[in-house]
Amino acid sequence: VHKDYTRIPKGRPIISGCGTNTERISWLCDQVGKDFVKNQNSFIEDTPDLLRYFKQLNESNSLPANCKPISLDLKSMYSNIPTEEGIEAFKKELENREDKTIPTDFLVKLLRLVLQSNVFEFNKEFWIQLLGTAMGTRAAPTYANIFMNQLETEMLSNCPNHLRELIFDWKRFIEDILLLFLGT
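Residues numbered from 1 in each chain as written. Predicted model: local features only at pLDDT ≥ 70, side-chain atom pairs only at ≥ 80, totals over all residues. Heavy atoms only, no water.

A. Molecular detail of the sheet that holds strand S4 (residues 167-173). Taken together, three strands build an open sheet; the order of strands is S1-S5-S4 and the sheet is antiparallel. Across the chains shown, the open sheet's two edge strands, defined by having one partner strand only, are strand S1 (68-73) and S4. Sheet twist, expressed as the average angle between the axes of neighbouring strands with direction ignored, equals 20 degrees. Bridge analysis of S1 against strand S5 (residues 176-181) gives six bridges, and the strand direction is antiparallel. Residue Leu72 lies in a different strand from S5, and its bridge partner there is Ile177. With respect to the sheet, helix H2 (residues 47-60) is in contact with S4 and S5, its orientation differing from that of S5 by roughly 10 degrees. Contacts between helix H5 (residues 140-157) and the sheet are confined to S4 and S5, with S4 contributing the most and set at about 165 degrees to the helix. (Pairing = 2+ DSSP bridges. Helix = DSSP H or I, 4+ residues; strand = E, 2+ residues; numbered from the N terminus. Axes fitted to C-alpha atoms, helices over the stretch in contact; angles between N-to-C directions. Contact = heavy atoms within 4.5 Å.)

Given below as structure tokens:
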């Protein structure tokens, strides 16, 4: 495994988790965490969900005339999630579960195993992903959503009032953000 960062291949590794040693562990982490994602205030599930949101806005006639849609995207978000911050966000959500039959600390250890075991071959050399999550592991979208929810909650709560008042609404599909903005 290479530690020479000057030799890191360009791009993001998108490695399928199918058939890997961590496939079922990743599935379990996803199953336990995905209900938290659906309850996030900004959560958009897919394109039909976004279209229903727009329809609801139009039917409620609540959208101010000066409101502007702004699209934001975090570059290479999956592979740039700080591991410890991501794990802490996941752990914090797990602590909110009613059913703790599977202990939180055990699930965190499993998630850490998934995150630290993304080994792949590129140009006949073996590499290990040291930061973020593999885009091809089942728990990745859930993990990313939970991290993003914590990040946006912190950002919005620390946003100065004069700017927060200009945010009509904030919606998100993983790391793709739709901001309905009342400012210039």
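After that view, the rundown keeps rolling.
B. Examining the packing of helix H1 (residues 23-38) against helix H4 (residues 104-116) more closely. Where H1 meets H4, the axes come as close as 9 Å, and the angle between the chain directions of the two elements is 130 degrees. Taken together, H1 and H4 sit at an angle that is classed as oblique. Judged by the sense of rotation from one axis to the other, the crossing of H1 with H4 is left-handed. Two secondary-structure elements touch here, H1 through Ile25, Ser26, Leu28, Cys29 and Val32 and H4 through Leu107, Leu110, Leu111, Leu113 and Val114. (Parallel < 35°, antiparallel > 145°, perpendicular 65-115°, else oblique. Left-handed = near helix turned anticlockwise from the far one by under 90°.)

C. Local environment of the packing of aromatic side chains. Counted by the stated rule, this structure contains one aromatic pair. The interplanar angle of 45 degrees and the centroid separation of 5.9 Å between the aromatic rings of Tyr53 and Phe54 together place this pair among those described as tilted. A relative accessible area of 31% places Phe54 in the partly exposed class. (Phe/Tyr/Trp six-rings, centres within 6.5 Å; stacked < 30°, edge-to-face > 60°. Buried < 20%, exposed > 50% of the residue type's maximum accessible area, 1.4 Å probe, protein only.)

D. Region of interest: the nonpolar core. One finds Met77, Phe90, Leu94, Leu111 and Tyr143 to be the most contacted residues of the largest nonpolar core, which totals 31 residues. In contact with Leu111, other than residues within four places in its own chain, are Cys29, Ile87, Phe90 and Tyr143. With six residues, the next largest nonpolar core counts Ile44, Leu57, Cys67 and Leu178 among its residues. (Core = buried A, V, L, I, M, F, W, Y, C linked by side-chain atoms within 4.5 Å.)

E. Spatial organisation of the state of the cysteines. Counted by the stated rule, this structure contains zero disulfides. Cys18 supplies the cysteine sulfur nearest to Cys29, a cysteine that is in no disulfide, at a spacing of 16 Å. The cysteine Cys159 is free of any disulfide, with Cys67 supplying the nearest cysteine sulfur at 15 Å. The buried category is assigned to Cys159, whose relative accessible area is 16%. (Disulfide = S-S within 2.5 Å.)

F. Just the packing of H1 against H5, in detail. Put simply, H1 and H5 touch, their axes get as near as 9 Å, and they point 40 degrees apart. Our classification of the angle between H1 and H5 gives oblique. At the point where H1 passes H5, the crossing takes the left-handed sense. Contacts between H1 and H5 involve Asp30, Gly33, Lys34 and Val37 from the first element and Thr142, Asn145 and Ile146 from the second. For the contact of H1 with H5, the class distribution of residues is two nonpolar, three polar and two charged. (Nonpolar A, V, L, I, M, F, W, Y, C, P; charged D, E, K, R; others polar.)

G. Highlighting the layout of surface pockets. Space inside the second largest pocket adds up to approximately 200 Å³. Taken together, Asn39, Gln40, Asn41, Ser42, Asn149, Glu152, Thr153, Leu156, Asp169 and Trp170 make up the lining of the second largest pocket. Those elements giving two or more residues to the lining of the second largest pocket turn out to be H5 and S4. In the lining of the second largest pocket, the residues fall into two nonpolar, six polar and two charged. (1 Å grid on protein atoms, 1.4 Å probe; cavity = no way out; pocket = protein on both sides within 12 Å on 5 of 7 lines; lining within 4 Å. Points joined across faces, edges and corners; volume = space filled by probe spheres on them.)

H. Examining H2 more closely. With 14 residues, H2 should cover 20 Å at 1.5 Å per step; its first-to-last C-alpha distance of 20 Å lies within 8% of that length. Asp49, Tyr53 and Leu57 are the residues of H2 that are buried. Each buried residue of H2 sits inside an arc of 85 degrees when the element is viewed along its axis, so together they form one side. Pointing more than 90 degrees away from the buried face of H2 are the exposed residues Thr47, Leu51, Lys55, Asn58 and Glu59. Buried positions along H2 lie against S4 and S5. Two or three places before Asp49, at the opening of H2, Asp46 has a side-chain oxygen 3.0 Å from that residue's backbone nitrogen. At the exit of H2 stands Asn61, carrying a positive phi of roughly 55 degrees. (Expected span 1.5 Å × (residues − 1). Arc of directions from axis to C-beta. Polar contact = N/O pair within 3.5 Å; in protein donor to acceptor, adjacent residues only side chain to side chain.)

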